[in-house]
Structure formats: C-alpha cells, structure tokens
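Next come the chains, spelled out residue by residue.
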Amino acid sequence: MKLRIQNGRLIDPSQGIDAVTELFVDNQKIVAIGDAPEGFDDAEVVDASGQWVLPGLVDLAVSLREPGLTQKGNIATEGRAAVAGGVTTLVCAPDTRPIVDTPAVAALIQDKADDAGMANVFPLGALTQGLEGAQLSNMVALTDAGCVALSNHRHPMASTKVLVRALEYAATHDLLVVFHPDETSLSEGGCAHEGLMSTMHGLPGIPEEAETIALMRDLLLVQKTGVRAHFARLSCAKSVEMIADAKASGLDVTADVAVHNLLLSDQMLNRFDGHYHVLPPLRSDEDRLTLIEGIKAGVITAICSDHQPHEKMAKIAPFAATEPGMANIEILLPLAMQLTDEGDLDFLTLLTCLTSGPAACFGLEAGSLSVGSFADFILFDSTARWTWSSENRKTKGHNSPYLGEEFVGRVMATYISGQRVYQVV
C-alpha cells in the first residue's frame, strides 16, 4: 500500500527535520520526504492537518507479563496499550514464567507478538539460567533466537566471579549486557528512598548506595572485560556523575531513566498511595533534577515507561506491602511532555530520548523517519485535551496514579510498516 501523509508538521530529530511537509510510504518503507516520487498519483492520502508526524516511540523497558503472569497483562493487551501510546518498538523484560532463558521462550514471545500485530517486540534474554545468577545461559542461542541483549534483570548474581565469567563470554561474542545496578544486601526489604520522607512515614528505605555501589562495581567489570553495557533505570544524582565519568574515559556504555523518576520525587510518599511504589524508588528532588541535567548533557540517552502492569489487588494494601511498578505506556508521550511544559527539556531533546536515542542504545533499526527505514510513525495532536480513564485504557494493568487525569497532547494514530494499527475514534 502506498501512503501520502499531507499537511502534517514532520519532526524527526535524527535528521534535523522540523517542517510542514509530506511523507511518502511504499512497500512498508519510507520512500521520500517532501517531493512526491513517481507513481504516487493513486496513493492513499492521509490528511494530518494540525498534527505532528513523529517517529514511532522506542521503549526499552516493558513488562508484557506473558507467559506466566497473564492476570496482570499479556502480549495482546500490552501491545495494544503500546501502540495507543505511540510506541512502535519495545524491549520486553526476561522475568516471565518461564524465564526467557531458552530460545523456545524467546520465540514464543515473538510469535505471539506477530500474531497480535501490534508493536515490534524484542525480548531481553536471561544472562543466567532461571535468573538465578549461578549458571550462565546459552547467550548466543538466545541472541540467534531474537533477543537483543542479555540481562539478569533485578535478580542478584551468586557471586562477582559468576558475573565476570558472564561478561567475558558476552564480550567474546560482542553481546550487549543490560545492568540494573542494585546491591541487594542494602536494598532488600526496602520500598522507598531512604531519607526524611521514608523515616517520617515509617517505611523501610533503599539508600542511594544500593545503586551506586553496584554501579561502581559493574563499571569496573565493564572496563575489565570490554563488554558492551547498558545501565537501566538510573535514579540517583551520583549515578549520573559516574556514567558521565565512564563515558569520558572511553567506556562503551549507555543509560536510560524511567519517565516517572524525571517527574516525581519521594514527596509523593505524603499521599500514602501504593501507586507510587516503584523500583528503583522515587528519589529526592535533587536526584530528579540531576537526572534531567544528565539528559541535557547526553549522559542519559533514553527515557522509558518502565511499564509494569498489575491487577487491582496488587496495589490495595499498605504501601510497603504493595507490588512495585506503574503501568504508563499509553501515556508515555504526553506524560514526558510535561517536562517541556515545565521548561526542563526542549522538545527535540525529549523526542530524541524517546526515539532514536533508545534505538541506538540497543542497535535497533527504529526511531527515525529516514528514507529507506520502515514506516513506523505516529500522528500526534499536541493540543488535544483528553482524560485517561479506567474505561478507555488499553492496558490490562490498573496500577497508575495518572488514571483519571487530564492530559494535553494525544496520539491520534499509529502506523507500523505503513499499516495503521491504532486510531482514535
């Protein structure tokens, strides 16, 4: 099918484009921007007047929950939620049941994603068997089966020696390893940032050192082994400084941050609401502002939703007894745009961290509207006012503090390989 997207404001930071122009799609790919190529007289015309034409978002942190935890979500429901939020490419976590530690599980996830026909799904493979941190997984076989990187998620390694062996093996085969820096001996049992707010409310704290001590160890091991590394969900000011120093020294490392850690601080504990229970926890306002500065400086190059859907009962308990995580993939773009509304980030920097930035972290061919790339794009109305509610949500998850909130800016349509997979009706 040939498409001609007219009258929209096309914004693509990867090419430095911000102009009202036309986009042309043929055979699943973008074939021209601006002037029509030959043979487009019979193309389907899409009028994007008053809307922005943007690259599809790339989200590096999505829990699809399937297989094994389908009471919380599944590939079909969370895929619909993703495209409703403008996410056309996502990386899913390995902590399913069974764990993504065999090619069969990786293939199952991708087959189900293909059947659902929604977002492009790339699984993370488990770094160790069963995420138990003891025996190495068959990393090469997992990569051959479609896993874009390896990670032990937030599960501890049995010893640093095992981690070194895993990184040496990954480096030998030029595989990307994703770290979630967490010293579990310090974080275990905690549910909130260790500080004045957690003390006031009697909540067990997670000190910043739980992240920074693990991060320092991991960076030293990256330097020792030469492995390609990505650091997921940074939450502390000190972590930004450490990643900046590592990059300056020549280490091949990238990093991301969850959108809620850029918008919220541990002041939310005053609400006594388990929807703000996340891991890593919401930190101090100083940490939040330093994370934003890390984005401005190019230290952090990806913003993710850290989408973790839960059933309603998972959050109906005292704060410390609730399950951690938010389900925000449907509102990722309008939520992130609050950072531009408040003057924290300019829109091009923000959009880069939602598209080509995360794609570059994992070497994905996504996040750009360049000629020859797959036609994954969205139509976005930056002025639309709408309310995200329990009734119109697509995710199976009930766990977001933003349900019932009015937003400015809405994804009106999502296209993947030139096919419309979502449209506001």
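Heads up: these notes are all about the structure in this document.

Topologically, Gly68 is positioned in the loop between strand 6 (57-62) and helix 1 (75-84). On the basis of relative accessible area, Gly68 is assigned to the partly exposed category, the value being 43%. The spacing of Gly68 and Ile213 is 145 residues in sequence and 33 Å in space, taken between C-alpha atoms.

Bringing the environment of Arg228 into the picture now. Secondary-structure assignment places Arg228 in strand 13 (residues 228-231). Excluding its chain neighbours within four sequence positions, the residues that come into contact with Arg228 are Asp174, Leu175, Leu176, Val177 and Asp252. One polar contact links the side chain of Arg228 to the main-chain carbonyl oxygen of Asp174, over a distance of 2.8 Å.

Leu54, Leu90, Leu219, Phe231, Ile303 and Leu350 are the most contacted members of the largest nonpolar core, which totals 97 residues. The element that contributes the greatest number of residues to this core is helix 4 (residues 160-172), accounting for six residues. When neighbours within four sequence positions are excluded, Leu219 is seen to be in contact with Phe231, Met242, Ile243, Ala246, Leu251 and Val253. Counting residues in each nonpolar core, the second largest holds 16 residues, with Ile5, Leu23, Ile30 and Val46 among its members.

The next subject is helix 13 (residues 347-354). If you check which residues of helix 13 are buried, you get Phe347, Leu350, Leu351, Cys353 and Leu354. Looking down the long axis of helix 13, one finds its buried residues gathered within 160° of arc, a one-sided arrangement. A side-chain oxygen of the first residue of helix 13 lies 3.2 Å from the backbone nitrogen of Leu348; this N-cap is Asp346.

What follows concerns helix 10 (residues 285-296). Between its terminal C-alpha atoms helix 10 stretches 17 Å, which fits the 16 Å expected from 12 residues at 1.5 Å a residue. For helix 10, the complete set of buried residues consists of Asp287, Arg288, Leu291, Ile292, Gly294 and Ile295. Taken down its axis, helix 10 places every buried residue within 155° of arc, on the same side.

Turning our eyes to something else, we now look at the packing of helix 4 against helix 7 (residues 209-225). Where helix 4 meets helix 7, the axes come as close as 10 Å, and the angle between the chain directions of the two elements is 45°. It follows that helix 4 is oblique to helix 7 by the angle criterion. Judged by the twist between their axes, the crossing of helix 4 over helix 7 is right-handed. Together, Thr160, Leu163, Val164, Leu167, Glu168 and Ala171 of helix 4 and Arg217, Asp218, Leu221, Lys224 and Thr225 of helix 7 make up the contact between the two elements. Split into classes, the residues belonging to the contact of helix 4 with helix 7 amount to five nonpolar, two polar and four charged.

For Thr88, the position within the fold is in strand 7 (residues 87-92). With relative accessibility at 1%, the residue Thr88 sits in the buried group. The contacts of Thr88, once residues within four sequence positions are left out, are Gly56, Leu57, Ala119, Asn120, Asp376, Thr414, Tyr415 and Ile416.

Before going further, it helps to spend a moment on the pattern of salt bridges. Throughout the structure, instances matching the rule amount to 15 salt bridges. A salt bridge links Arg154 to Asp182, with the shortest nitrogen-to-oxygen separation between them at 3.7 Å. Here the residue Arg154 occupies a position in the loop between strand 9 (149-151) and helix 4, and Asp182 occupies one in the loop between strand 10 (176-179) and helix 5 (184-187), the gap between them amounting to 28 residues. One salt-bridge network, held together by shared partners, links Lys72, Glu311 and Glu323.

Turning to the sheet that holds strand 14 (residues 253-258), a few remarks are in order. One open sheet holds the eight strands; their spatial order is 6-7-8-9-10-13-14-15, and the pairing between them is parallel. Sheet topology places strand 6 and strand 15 (302-304) at the edges, where each strand pairs with a single neighbour. For this sheet, the mean angle separating the axes of adjacent strands, direction not counted, is 30°. Two elements, strand 9 and strand 10, share two bridges in a ladder whose sense is parallel. Counterpart to Leu150 in the pairing with strand 10 is Val177. Of the strands in this sheet, strand 10, strand 13 and strand 14 are in contact with helix 7, which crosses strand 13 at around 165°.

A full pass over the atoms with the stated rule returns seven aromatic pairs. For the ring pair Trp386 and Phe407, a centre distance of 6.0 Å and an interplane angle of 35° mean the geometry is tilted. Taken together, the residues span a long stretch of sequence, with Trp386 in strand 16 (residues 377-387) and Phe407 in strand 17 (residues 406-416) at a distance of 21 residues. Neither residue differs from the other here; Trp386 and Phe407 are each classed as buried. Between the aromatic rings of Tyr402 and Phe407, the centroid separation amounts to 6.3 Å while the plane-to-plane angle is 50°, which identifies the pairing as tilted. For Phe407, a relative accessible area of 2% corresponds to the buried category.

Each neighbour pair has its own omega, and for Glu66 with Pro67 the value is 5°, a cis peptide bond. Along the chain, the position of Pro67 falls in the loop between strand 6 and helix 1. At the junction of Leu279 and Pro280, the peptide bond is cis and its omega measures out at -5° in the coordinates. Along the polypeptide, Pro280 turns up in the loop between helix 9 (259-263) and helix 10. Phi at Asn7 is positive, roughly 70°, even though this residue is not glycine. Turning to its location among the elements, Asn7 is positioned in strand 1 (residues 3-12). On the accessibility criterion, Asn7 (42% relative accessible area) is partly exposed.

On to the side chain of Ser235, then. Structurally, Ser235 can be placed in the loop between strand 13 and helix 8 (237-248). Assessed through its relative accessible area of 1%, Ser235 is described here as buried. One polar contact links Ser235 to Glu211, side chain to side chain, over a distance of 2.7 Å. At a separation of 3.1 Å, a polar atom in the side chain of Ser235 contacts the side chain of Arg283. Setting aside anything within four residues of it in sequence, one finds Ser235 in contact with Glu211, Asn261, Pro280, Pro281, Arg283, Asp287 and Leu291.

The rules we used
Residues numbered from 1 in each chain as written. Predicted model: local features only at pLDDT ≥ 70, side-chain atom pairs only at ≥ 80, totals over all residues. Heavy atoms only, no water. Helix = DSSP H or I, 4+ residues; strand = E, 2+ residues; numbered from the N terminus. Buried < 20%, exposed > 50% of the residue type's maximum accessible area, 1.4 Å probe, protein only. Contact = heavy atoms within 4.5 Å. Polar contact = N/O pair within 3.5 Å; in protein donor to acceptor, adjacent residues only side chain to side chain. Core = buried A, V, L, I, M, F, W, Y, C linked by side-chain atoms within 4.5 Å. Arc of directions from axis to C-beta. Expected span 1.5 Å × (residues − 1). Axes fitted to C-alpha atoms, helices over the stretch in contact; angles between N-to-C directions. Parallel < 35°, antiparallel > 145°, perpendicular 65-115°, else oblique. Left-handed = near helix turned anticlockwise from the far one by under 90°. Nonpolar A, V, L, I, M, F, W, Y, C, P; charged D, E, K, R; others polar. Salt bridge = Lys/Arg side-chain N within 4 Å of Asp/Glu carboxyl O. Pairing = 2+ DSSP bridges. Phe/Tyr/Trp six-rings, centres within 6.5 Å; stacked < 30°, edge-to-face > 60°.

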